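Reading the structure
If you want the building blocks of each chain, they are given just below.
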Amino acid sequence: MWKCIFARTLWKTGVLLLLLCPPLVRGISLSPCGADGVQEILSDQETHFICTSEKAAQWKLHTREQIILAQYDKELEQLETFNELFVGRIIDAHRSSMTIKPVNNARVYDNIKLLNGSLECSLTGEDNQSASCGLNYVYPPQDVSCTAVNSLWSVSVSCFIKSVYSSRKNYTCQLILLKDKLKNETLESVSMVTSPTSEKFTKSEVKVSGSCVFSTTLPPEEGTYEFFVSVSPGGRHFGTSDMLFTAEPAKSPTTSCEPQPYVLENTNITCTCRITSLGHPAGYLRWTRGNQTNKETLVKEVSTPQALSHTQLLTQSDHSKTWFRCDVLWGTKEILGENYTANVGCK
């Protein structure tokens, strides 16, 4: 328990007493630790864990057995370091740290399981409270190349990872979409397809190579898009060879019909739809027709020209009932044109 400190400040008009009390610590906590209860231990750097506890505690390592690394109250007693792989120290009355130093440590080469178990901080005595975090020893991905290829709206993204390692064998890729260099969105996560390499770094382990493939579509929204892939372990991001994809909406169509202003019964009418731009990626034109009782039926669609005609034989029964409309389909969006309602005269 921390003691409270009293301080007195004199004012010209009176006396102000300040009560300085540090917040009380309850229970025990361990940080950092990933959302899945596992923390990556990067092979090329130190990892620092901090235990915050209300009283004396112990640091423990769990592999196939439980090993007490250190215990502390007012002072820290280091019981096992595994050749300075685990180094503890006291920060203050309620906090201690445990640093994992894997760089050039022979014990990692001899026994990778030391960094594939879990690290625990527990209160001593009868409280039996503890906090723990799994360890995942990793070599971050190296020599990663990613590409993106599109066909209209469809986009295929693939990545090849030459070298990577996870002691827990967790290998994944996440596809990230960045719009206008401002807004990013995670689209999908897939498991990496891996195969062992000849790159041995412990007595029993080798690094792996891997690949990830995604199939996705561009959003039907105007903007400039880029794709990135986050490769784990390591959580590093890789771009797709500076590929940019631009989405530009199609314009609204215009329609004209002949003859005008009406057509004689049992005579053809020809309507032509025109558009100044089908957008990018290109949308397509579609003629639809309907009447007062039936739903719309697809008449004709095409994705190439910027003009599309439709010819229809009209009878007296079509007068003021049958209508035609030219729409543009751009991605999953419909840009509706104006209805032309048949005006049929008698011969």
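Residues numbered from 1 in each chain as written. Predicted model: local features only at pLDDT ≥ 70, side-chain atom pairs only at ≥ 80, totals over all residues. Heavy atoms only, no water.

This brings us to the overall build of the chain. Within the chain, the regular secondary structure consists of one helix and 30 strands. Its C-alpha radius of gyration of 35 Å places the chain more than 25% over the 20 Å reference for a compact globule of 347 residues. If one aligns the C-alpha atoms of the chain with their principal axes, the spans along those axes are about 110 × 75 × 35 Å. Burial status across the chain gives 40% buried among its 347 residues. Long-range pairs, those at least 24 residues apart, make up 57% of the contacts in the chain with a sequence separation of at least 6. (Helix = DSSP H or I, 4+ residues; strand = E, 2+ residues; numbered from the N terminus. Rg over C-alpha atoms; globule rule 2.2 N^0.38 Å. Buried < 20%, exposed > 50% of the residue type's maximum accessible area, 1.4 Å probe, protein only. Contact = heavy atoms within 4.5 Å.)

Using the criterion set out here, one finds seven aromatic pairs in the structure. When the centroid spacing of 4.9 Å and the interplanar angle of 75° are considered together, the rings of Trp 153 and Trp 330 count as edge-to-face. Taken together, the residues Trp 153 in the loop between β12 (130-151) and β13 (154-166) and Trp 330 in strand β27 (residues 323-330) connect sequence positions 177 residues apart. Accessibility classification places Trp 153 together with Trp 330 in one group, the buried group. A centroid spacing of 4.5 Å and a plane angle of 70° characterise the contact between Tyr 165 and Phe 201, whose relative ring orientation is edge-to-face. Taken together, the residues span a long stretch of sequence, with Tyr 165 in strand β13 and Phe 201 in the loop between β16 (193-200) and β17 (206-217) at a distance of 36 residues. Phe 201 carries the same exposure label as Tyr 165, and that label is buried. One aromatic cluster is present, built from ring pairs that chain together Tyr 137, Tyr 139, Tyr 165 and Phe 201. (Phe/Tyr/Trp six-rings, centres within 6.5 Å; stacked < 30°, edge-to-face > 60°.)

The next subject is the pairing of strand β23 (residues 267-274). As defined by bridge partners, strand β21 (residues 254-258) adjoins β23 across five bridges and the pair is classed as antiparallel. When the sheet's bridge partners are listed, Glu 258 is paired in β23 with Thr 270. As judged from the eight bridges shared by β23 and strand β26 (residues 307-314), these two strands associate in the antiparallel manner. Looking at β26, one finds that Asn 268 is bridged to Leu 313. (Pairing = 2+ DSSP bridges.)

Moving on to the sheet that holds β23. Note on sheets: strands pair through backbone hydrogen bonds, and any given pair is parallel or antiparallel. Pairing is antiparallel in the open sheet, where three strands are placed in the order β21-β23-β26. Here the strands that pair on one side only, and so sit at the sheet edges, are β21 and β26. Direction aside, the axes of adjacent strands within the sheet are offset by 20° on average. (Axes fitted to C-alpha atoms, helices over the stretch in contact; angles between N-to-C directions.)

In this section: the state of the cysteines. Applying the stated criterion to the full structure yields six disulfides. At a sulfur-sulfur separation of 2.1 Å, the disulfide partner of Cys 33 is Cys 133. Where Cys 33 bonds to Cys 133 through sulfur, the torsion about that S-S bond is close to 95°, and the disulfide is right-handed. With Cys 33 in the loop between β3 (28-31) and β4 (38-42) and Cys 133 in strand β12, this residue pair connects regions lying 100 residues apart in the sequence. (Disulfide = S-S within 2.5 Å.)

The subject of this paragraph is the pattern of salt bridges. Tallied over the full model, the rule gives ten salt bridges. The salt bridge involving Lys 169 is made with Glu 205; its shortest N-O contact spans 2.6 Å. One end of the pair, Lys 169, is in the loop between β13 and β14 (172-179); the other, Glu 205, is in the loop between β16 and β17, and 36 residues separate them in sequence. Lys 179 is the salt-bridge partner of Glu 221, the closest N and O atoms lying 3.3 Å from each other. (Salt bridge = Lys/Arg side-chain N within 4 Å of Asp/Glu carboxyl O.)

So, about the confidence of the model for the chain. Predicted coordinates in regions of low pLDDT should not be interpreted in detail. Predicted confidence across the chain gives a mean pLDDT of 88, with 91% of residues reaching 70 or more. Below a pLDDT of 50 lies the segment residues 1-22, which in the model reaches 24 contacts outside its immediate sequence neighbourhood of four places, other chains included. (pLDDT = per-residue confidence, 0-100.)

Right, let's talk about the nonpolar core for a bit. Residues Trp 59, Leu 69, Phe 86, Leu 115, Cys 173 and Val 229 are the most contacted members of the largest nonpolar core, which totals 76 residues. Per element, the largest residue contribution to this core is seven residues, and it comes from β12. Setting aside residues no more than four positions away along its own chain, Cys 173 makes contact with Ile 161, Glu 188, Ser 189, Val 190, Met 192, Cys 212, Phe 214, Val 229, Ser 230 and Val 231. (Core = buried A, V, L, I, M, F, W, Y, C linked by side-chain atoms within 4.5 Å.)

The next thing to look at is the environment of Gln 39. Summarising the element assignment, Gln 39 is placed in strand β4. On the basis of relative accessible area, Gln 39 is assigned to the buried category, the value being 18%. In this structure Gln 39 touches Pro 32, Cys 33, Gly 34, Phe 49, Cys 133, Gly 134, Leu 135 and Asn 136, once residues within four positions along its chain are discounted.

To continue, consider the side chain of Glu 205. Relative accessible area serves as the criterion here: at 16%, Glu 205 is assigned to the buried category. Among the polar contacts made by the side chain of Glu 205, one reaches the side chain of Tyr 165 at a distance of 2.9 Å. Polar contacts involving the side chain of Glu 205 include one to the side chain of Lys 169, which spans 2.6 Å. Filtering out sequence-adjacent residues up to four positions away, Glu 205 remains in contact with Ile 112, Tyr 165, Lys 169, Glu 199 and Lys 200. (Polar contact = N/O pair within 3.5 Å; in protein donor to acceptor, adjacent residues only side chain to side chain.)

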